[in-house]
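Letter by letter, the chains look like this.
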Amino acid sequence: GMGSGPGTAKRASPPVMNADRSSATMLANIRGSVARPRTDRAAIIPRMSATTPAAPFVLALRLRRAPDDYTADLPAFRGLERLELDPRVTFLVGENGSGKSTLIEALAVAAKLNAEGGGKLLRFATRSSHSRLHRALELERSPLPPLNTFFLRAESVFNLATAIEEGGTIGERENVYERPLHEQSHGESFLDIAVNRFGPRGFYLLDEPEAALSVRGQLALIRRMHELVEQHSQFVVATHSPILLGY
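Residues numbered from 1 in each chain as written. Predicted model: local features only at pLDDT ≥ 70, side-chain atom pairs only at ≥ 80, totals over all residues. Heavy atoms only, no water.

### Remarks on the overall build of the chain
In step 1: Check the secondary structure of the chain and you find 7 helices and 8 strands.
In step 2: Of all 247 residues assigned to the chain, the portion counted as buried reaches 54%.
In step 3: A sequence separation of at least 24 residues applies to 79% of the contacts in the chain between residues at least 6 apart.
In step 4: Just so you have it, the chain exposes about 11400 Å², and 51% of that area is on carbon and sulfur atoms. (Helix = DSSP H or I, 4+ residues; strand = E, 2+ residues; numbered from the N terminus. Buried < 20%, exposed > 50% of the residue type's maximum accessible area, 1.4 Å probe, protein only. Contact = heavy atoms within 4.5 Å. Areas by Shrake-Rupley, 256 points an atom, 1.4 Å probe, with all protein chains shown as cover.)

See below:
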């Protein structure tokens, strides 16, 4: 199934580059410590030009041909020709094995993101297990690309943290977090990424974030998503969580 986030979110005035205080406060409440978003993000997010991009960045997905692997038998892709995305938040919902995580992974790869998570710069792979569905996907894009993109998978945050630590110069550029991700809990590191790595005017893909987050953590993520939507960002989220779907 596919659902949309609030289509009535108001557009904000030109945003600042940091997460606002409400996200930091919510994250601090969860951790029991003061959380202050880092400000050294210039290496990742380019400066705004005179013509500034704004969501939506991907208007729709189109299957150019039938997938040539196991994904052809998944329920999500039977008869699928075109899937229009909400300009703000799209939720992919379905039973286990329906293909929602496979689809968001293929969308990430088609958008030139790493299959196991991360942005466009840092590349790592613990096991090449992603499908070939991305080869059959065509993305209908807006004229201007987003300022920031990221694929955040709850199941691979540990691998992402390791890749950042071992990534040399690129890893240093990606290390914008409050504390090393390996020194935080699963949920803390997930939210740290959402607060400090995500930014305005971005395109973000989330795969089953509830696997990392408590109820309170999911509410913090909703708040952060809403902040970024008001700052002209777009999300696609694969989830089972009724809490997140309440967005």
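### Concerning the nonpolar core
In step 1: Within the largest apolar cluster, 33 residues are counted, with the highest numbers of intra-cluster contacts made by I193, F198, L221 and F235.
In step 2: Within the residue set of this core, elements represented by two or more residues are β4 (89-92), β6 (148-153), α3 (157-165), α5 (186-196), β7 (202-207), α6 (215-230) and β8 (234-238).
In step 3: In terms of residues, this core owes the most to one element, α6, which gives 6 residues.
In step 4: With 27 residues, the next largest nonpolar core counts F57, V58, I104 and A110 among its residues. (Core = buried A, V, L, I, M, F, W, Y, C linked by side-chain atoms within 4.5 Å.)

### Brief notes about the packing of aromatic side chains
In step 1: In the structure shown here, the tally under the stated rule is 4 aromatic pairs.
In step 2: When the ring of F150 is compared with that of F198, the centres are 5.8 Å apart and the planes differ by 55°; the resulting orientation is tilted. You can see F150 sitting in strand β6 and its partner F198 sitting in the loop between α5 and β7, a full 48 residues away along the chain.
In step 3: Aromatic side chains F198 and Y204 sit 4.2 Å apart centroid to centroid with 15° between the ring planes, which places their arrangement in the stacked category.
In step 4: Residue classification places F198 among the buried residues on the basis of a relative accessible area of 1%.
In step 5: By relative accessible area, which is 0% here, Y204 ends up buried.
In step 6: An aromatic cluster is built from F150, F198, Y204 and F235, whose rings are joined through pairwise contacts. (Phe/Tyr/Trp six-rings, centres within 6.5 Å; stacked < 30°, edge-to-face > 60°.)

### A word on the confidence of the model for the chain
In step 1: Put simply, the chain has an average pLDDT of 78, and 72% of its residues get 70 or more.
In step 2: Counting interchain partners and residues more than four positions distant, the pLDDT-below-50 stretch residues 2-19 has 42 contacts.
In step 3: Segment residues 24-37 is flagged for pLDDT under 50; beyond a separation of four residues in sequence, or across chains, it makes 28 contacts in the model. (pLDDT = per-residue confidence, 0-100.)

### Here's the deal with helix α2 (residues 100-110)
Because each turn of an α-helix spans 3.6 residues, side chains separated by three or four positions in sequence point in the same direction.
In step 1: With respect to burial, α2 is a largely interior element, 11 of its 11 residues being buried.
In step 2: Within the span of α2, buried status applies to K100, S101, T102, L103, I104, E105, A106, L107, A108, V109 and A110.
In step 3: K112 lies just past α2 and shows a positive phi near 70°.

### Topic: the pairing of β6
In step 1: The element β6 is largely enclosed, with a buried count of 6 among its 6 residues.
In step 2: Burial along β6 is two-sided: N148, F150 and L152 facing one way and T149, F151 and R153 facing the other are all buried.
In step 3: With 6 bridges connecting them, β6 and β7 associate as parallel partners. If you follow N148 over to β7, its bridge partner there is G202. (Pairing = 2+ DSSP bridges.)

### Overview of the pattern of salt bridges
In step 1: Summed over all chains, the structure comprises 9 salt bridges.
In step 2: Salt-bridge contacts for R82 lead to E84; the nearest nitrogen and oxygen are separated by 3.7 Å.
In step 3: R179 serves as the salt-bridge partner of E188, at 3.7 Å between the closest nitrogen and oxygen.
In step 4: Take R179: its relative accessible area is 27%, and that puts it in the partly exposed class. (Salt bridge = Lys/Arg side-chain N within 4 Å of Asp/Glu carboxyl O.)

### Quick look at the side chain of D86
In step 1: On the secondary structure map, D86 appears in the loop between β3 (82-84) and β4.
In step 2: Of note is the side chain of D86, whose polar atom sits 3.1 Å from the backbone nitrogen of V89. (Polar contact = N/O pair within 3.5 Å; in protein donor to acceptor, adjacent residues only side chain to side chain.)

### Description of the environment of L228
In step 1: Here L228 is to be found in helix α6.
In step 2: With 26 residues separating them in the primary sequence, L228 and G202 have C-alpha atoms 8.0 Å apart.

### Considering the environment of G117
In step 1: Within the element layout of this structure, G117 appears in the loop between α2 and β5 (137-141).
In step 2: Residue G117 is classed as buried on the basis of its relative accessible area of 2%.
In step 3: In this structure the C-alpha to C-alpha distance between G117 and E105, which are 12 residues apart in sequence, comes to 8.7 Å.

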